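Summary of the model geometry
Spelled out, the chains give:
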Amino acid sequence: MAGDSETLLKDHGENTNGVRQPFLIGVSGGTASGKLLGQNKIDHHQRQVVILSQDSFYRVLTPEQKAKALKGQYNFDHPDAFDSELIMHTLRQILQGETVQIPVYDFVTNSRKEEFITVYPADVVLFEGILMFYSQDIRDLFQMKLFVDTDPDTRLSRRVLRDTTERKRELEQVLTQYITFVKPAFEEFCLPTKKYADVIIPRGADNLVAINLIVQHIQDILNGGLNKRYNGCMSGLGTPRQRRTSESSSRPH
């Protein structure tokens, strides 16, 4: 893994404009798996780390789709639910060191708000989402890919708590949507992309050792080099995955 990490840092150079490229990390996993790894620990390092979510890039729904969504009958876990073109455009802007405008999505009304969040250039950018590795064009932009592997029961309990409290949804609707759309979509679209991850992190956000090692790695990138201690410990973090040409050129299905 040490050699892989050195290669990742070697690729972390300047873009065509002579601006230092940010180190782009993709984080994927099932719904409510704890993909925002340790953000409170790394987001205060002189604002050099930015964390973005695929959830900000849901497509604008048609009136018919919005009516279904309000009834819990729209599949938000299908690849077509996301604006992949806008994600790709945003990632390319980020890699060019540009300031980007991130959409704000309202999960109560299932619609984009009119305002945007301005994100300025950063040294490290984490982009998390259930289908971040589904599109080859998008996943090939990441210098590091992490898959957060969390127990399904844990993810379901977190999702129920989140949707009923934060998003004001009825329990029956949450469970129906999970059984009808979320679980099947995870098995069909998200889980197969696990093979593209460089590192698989078991137990998700509860794996404090893994989180601390990832945070240390990010700090090493910010400081311009790898921590030797990290190289020796990385093999215990999860399941390292080496890139294969056959995997890079194939789709999950």
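Residues numbered from 1 in each chain as written. Predicted model: local features only at pLDDT ≥ 70, side-chain atom pairs only at ≥ 80, totals over all residues. Heavy atoms only, no water.

**Observations concerning the overall build of the protein chain**
The number of helices and strands found in the protein chain is ten helices and eight strands. Relative to its full complement of 253 residues, the protein chain shows a buried share of 49%. Accessible surface, the protein chain as shown: approximately 12,600 Å² in total, 50% of it carbon and sulfur. (Helix = DSSP H or I, 4+ residues; strand = E, 2+ residues; numbered from the N terminus. Buried < 20%, exposed > 50% of the residue type's maximum accessible area, 1.4 Å probe, protein only. Areas by Shrake-Rupley, 256 points an atom, 1.4 Å probe, with all protein chains shown as cover.)

**Side note on the side chain of Asn-207**
Along the chain, Asn-207 falls in the loop between strand E7 (199-202) and helix H8 (208-222). Owing to a relative accessible area of 4%, Asn-207 belongs among the buried residues under this scheme. Looking at Asn-207, its side chain comes within polar contact range of the main-chain oxygen of Pro-202, at 3.0 Å. Here Ala-210 takes part through its backbone nitrogen, which lies 3.0 Å from a polar atom of the side chain of Asn-207. (Polar contact = N/O pair within 3.5 Å; in protein donor to acceptor, adjacent residues only side chain to side chain.)

**What about the pairing of strand E4 (residues 111-119)?**
Bridging between strand E3 (residues 100-106) and E4 involves six bridges; their strand directions are antiparallel. What sits directly across from Val-100, in E4, is Val-119. What sits between E3 and E4 in their antiparallel hairpin is a turn of four residues, with Asn-110 showing a positive phi close to 55 degrees. (Pairing = 2+ DSSP bridges.)

**Considering the packing of aromatic side chains**
Following the criterion strictly, the structure yields nine aromatic pairs and no others. These aromatic residues form a ring-pair network of at least three members: Tyr-58, Tyr-74, Phe-76, Phe-82, Tyr-105 and Phe-107. The residue whose ring lies beneath Arg-139 is Tyr-196, and the NZ or CZ to ring-centre distance is 3.6 Å. Directly above the aromatic system of Phe-186 lies the positively charged group of Arg-155, at a separation of 4.3 Å from the ring centroid. (Phe/Tyr/Trp six-rings, centres within 6.5 Å; stacked < 30°, edge-to-face > 60°. Lys NZ or Arg CZ within 6 Å of the ring centre and 35° of its normal.)

**Quick notes on helix H7 (residues 171-190)**
Helix length check: H7, at 20 residues, gives a terminal C-alpha distance of 24 Å against a target of 28 Å (1.5 Å per residue), a shortfall beyond 12%. Within H7, the axis deviates most sharply at Tyr-178, by approximately 45 degrees. Looking only at H7, the buried set comprises Val-174, Gln-177, Tyr-178, Phe-181, Val-182, Ala-185, Phe-186, Phe-189 and Cys-190. Tucked inside the fold, the buried residues of H7 contact strand E1 (23-29), strand E6 (144-149) and helix H6 (152-165). (Expected span 1.5 Å × (residues − 1). Bend = angle between axes of the 7 residues up to and from the residue. Contact = heavy atoms within 4.5 Å.)

By themselves these figures say nothing about function.
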